[in-house]
Amino acid sequence: MTLAPGSDNQRLVTQVVLALGALALFALFALIVLPGILGEGRVEPTQPSGQKSAAASEGWLDRAEAPAEKGHEIPPIVPAEVLTPNLKLLIRGRTLFAKNCVPCHGPSGKGDGPSAESQNPRPRDFTVQTGWKNGFRVTDIFKTVTDGIKGTGMAGYDFMPPRDRMALVHAVRAFGTFDHGQEDAALIEALSAQFRTAGGQVPNRVPVSQAIAKLGSEFSAPRPLRAPAPGDPAVDVFRKAVADPARVAQALTASKGWRTDASALARVAVGGAPANGFRTSIATLPAEDWETLRVLLEKSLGEAPAP
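The text that follows walks through the structure, step by step, so that each part is easy to find. All figures in this text were calculated on a predicted structure; none of them were measured in a lab.

A count of helical and extended segments in the protein chain gives 12 helices and 2 strands. Listing each helix as α and each strand as β along the protein chain from the N terminus yields α-β-α-α-α-α-α-α-β-α-α-α-α-α. Burial status across the protein chain gives 30% buried among its 307 residues. Sequence separation of at least 24 residues holds for 62% of the intrachain contacts in the protein chain that already meet a minimum separation of 6. When the accessible surface of the protein chain is totalled, it reaches about 19,700 Å², and 60% of it is carbon and sulfur.

Moving on, we come to the nonpolar core. Soluble, globular proteins show a tendency: their nonpolar side chains are buried together. One finds Met166 and Phe195 to be the most contacted residues of the largest nonpolar core, which totals 26 residues. At the level of elements, helix H2 (79-83), helix H3 (87-100), helix H5 (138-147), helix H6 (162-175) and helix H7 (185-196) are the ones that each hand at least two residues to this core. A per-element tally of this core places H6 first, with 6 residues. Phenylalanine 195 has contacts with Pro76, Ile77, Pro79, Val82, Leu83, Phe142, Pro162 and Met166, leaving out every residue within four places of it along the chain. Of all hydrophobic cores here, the second largest spans 21 residues; its members include Val237, Leu285, Trp290 and Leu293.

Along the chain, glycine 181 falls in the loop between H6 and H7. On a C-alpha basis, the gap between glycine 181 and phenylalanine 136 in space is 8.5 Å, while along the polypeptide they are 45 residues apart.

Secondary-structure assignment places threonine 177 in the loop between H6 and H7. A residue is classified by how much of its surface remains accessible, and threonine 177, at 81% relative accessible area, is exposed.

Right, let's talk about unusual backbone geometry for a bit. Looking along the chain, the bond that leaves asparagine 120 and enters proline 121 is cis, with omega of 5°. Tracing the backbone through its elements, the reader meets proline 121 in the loop between helix H4 (102-105) and H5. The residue after alanine 273, namely proline 274, is reached through a cis peptide bond having omega 5°. Looking at where proline 274 falls in the secondary structure, it is placed in the loop between helix H11 (262-272) and helix H12 (287-301).

Under the counting rule described, the total for this entry stands at 9 aromatic pairs. Each ring, one from phenylalanine 126 and one from tryptophan 132, has its centre 5.5 Å from the other, and the planes form 40°; the classification is tilted. The burial state of phenylalanine 126 is the same as that of tryptophan 132; both residues are buried. On the basis of an interplanar angle of 20° and a centroid distance of 6.3 Å, the ring pair of phenylalanine 126 and phenylalanine 175 is categorised as stacked.

Quick notes on the rules
- Residues numbered from 1 in each chain as written.
- Predicted model: local features only at pLDDT ≥ 70, side-chain atom pairs only at ≥ 80, totals over all residues.
- Heavy atoms only, no water.
- Helix = DSSP H or I, 4+ residues; strand = E, 2+ residues; numbered from the N terminus.
- Buried < 20%, exposed > 50% of the residue type's maximum accessible area, 1.4 Å probe, protein only.
- Contact = heavy atoms within 4.5 Å.
- Areas by Shrake-Rupley, 256 points an atom, 1.4 Å probe, with all protein chains shown as cover.
- Core = buried A, V, L, I, M, F, W, Y, C linked by side-chain atoms within 4.5 Å.
- Phe/Tyr/Trp six-rings, centres within 6.5 Å; stacked < 30°, edge-to-face > 60°.

Dropping the structure here:
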């Protein structure tokens, strides 16, 4: 059997179309499905033992949620080691600059970072001599890094150790090749004196969410107030005053001084009603009933602990 001359061409075209379709499907699979499959079992690398995680260092997006860090001693700074730039300080300063300053000031310090367009005034260009609000001497830049500049996007970095702030100072100055002028001897001496006494203790740090969870697990709500037994003369006072026994118990347990006298109890009860569980009508409670209520509440919550 002999095929018509056009049959081979038609078959070839069909095969090409099928091949292209298969390639398109494979490309979609590679772009959409494959990354998710590969990512499911991926494990992020962990920090070697004893090293501080990058998340806990400068540049962490939410400082309140930075990973836990053990407290440590900060030794005083030898002024001569930080007032003059050296290779170690400059490397440290460039690292800190990349983590904290590039979004505004850009990688070359020209004030052209990705967020610069949205800021008014624009971030400082460190490569030019004009426009420095606090000046460009060592002491000037240290003040700016520490306190920030009000009315601008420049925040203060007083939480950063002084040695790191000085590393940033030298990194910033290195962007400008212009003459930065003579330092003020009195200001340099004042800064040196500050460094000599800059030691201290950095406390242990935990993420705020972890601290809240810990407090929540340790919290023990006080038992609700016990209403007087039927027939007790104080039962009517209790009903007039208390709307939510559990909230009253919690509010009084957290408060101090209400046990002193009836007036102190009145200030706490009326001032926080109705959120504290007392009725708003408690403000009209007769004077003679306040002492009855105070004694009743003390008995229900237990005697005050000994000082």
